Amino acid sequence: MSWQSYVDTNLVGTGKISRAAILGQQGGVWAASQGYSLSPQEQREVLASFNEPDKVQTSGVRLVGQKFFTLQADARSIYVKKGGDGAILVKTKQAVLVAEYLAPIQAGEATPIVEKLADYLISVGY
């Protein structure tokens, strides 16, 4: 399966994720929803967030120009919110999944989808 298929089918295709991207930990975007473009600065900040979860807990995360406030952050997962919308960022062995959801979708509906895909990618070495 291509990286774009993971975004289109396993994330956005569920109807619970509005837009998503897969970033390589060494840099670059492996796949993204159409029109979902994280700036190079945002990509660097997302990748760095996993090394300093305490910092992202206080500063939040910026995705496609929008500032999100951090609800929870650790070395694997970062959950952020902006009004009724939110995002889930999950680190695998070689990538970072970035998935946004829009109200009325709730975090409890979107989070398991992203975490399960991350678990699968880790299980196959990615």
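Predicted model only: the values in this text are computed from it and were never measured.

Asks: Looking at this model, I keep getting lost on a nonpolar patch on the surface. Mind explaining?
Replies: The grouping of Trp30, Tyr120, Val124 and Tyr126 at the surface amounts to a nonpolar patch, some 360 Å² of accessible area in total. Among the structural elements, Tyr126 can be located in the segment after α4 (107-123). A relative accessible area of 36% places Tyr126 in the partly exposed class.

Asks: I tried to follow the nonpolar core on my own but got confused; where do I start?
Replies: Nonpolar side chains in soluble globular proteins tend to end up buried together. Counting 21 residues, the largest nonpolar core has Leu11, Ile17, Ile88, Leu97 and Val114 as its most contacted members. For this core, the secondary structure elements donating two or more residues are α1 (3-11), β1 (19-24), β6 (85-91), β7 (95-101) and α4. Sorting elements by how many residues they give to this core places α4 first, with 6 residues. Non-local contacts of Leu11, meaning those with residues more than four positions away in its chain, are made with Tyr6, Ile17, Ala20, Ile113, Val114 and Leu117. By size, the runner-up hydrophobic cluster in this structure holds 18 residues, among which are Ala32, Tyr36, Val46 and Leu63.

Asks: Mind showing me how you'd approach the pairing of β7 here?
Replies: Walk down a regular strand and you will see the side chains alternate between the two sheet faces. With 7 of its 7 residues buried, β7 lies for the most part within the structure. Residue alternation in β7 divides its side chains into two sets, Ala95, Leu97, Ala99 and Tyr101 and Val96, Val98 and Glu100, and both sets are buried. Taken together, the 6 bridges between β1 and β7 define a ladder with antiparallel strand orientation. Among the inter-strand pairings, Ile22 is bridged to a residue of β7, identified as Leu97. Pairing between β6 and β7: 6 bridges, direction antiparallel. In the sheet register, Ile88 faces β7, and the bridge partner there is Ala99. Between the antiparallel neighbours β6 and β7 lie 3 residues.

Procedures and definitions
Residues numbered from 1 in each chain as written. Predicted model: local features only at pLDDT ≥ 70, side-chain atom pairs only at ≥ 80, totals over all residues. Heavy atoms only, no water. Patch = residues over 30% accessible without salt bridge, like charges linked within 9 Å, V, L, I, M, F, W, Y side chains within 5 Å. Areas by Shrake-Rupley, 256 points an atom, 1.4 Å probe, with all protein chains shown as cover. Salt bridge = Lys/Arg side-chain N within 4 Å of Asp/Glu carboxyl O. Helix = DSSP H or I, 4+ residues; strand = E, 2+ residues; numbered from the N terminus. Buried < 20%, exposed > 50% of the residue type's maximum accessible area, 1.4 Å probe, protein only. Core = buried A, V, L, I, M, F, W, Y, C linked by side-chain atoms within 4.5 Å. Contact = heavy atoms within 4.5 Å. Pairing = 2+ DSSP bridges.

Fair warning: the whole summary comes from geometry, so function is off the table for now.
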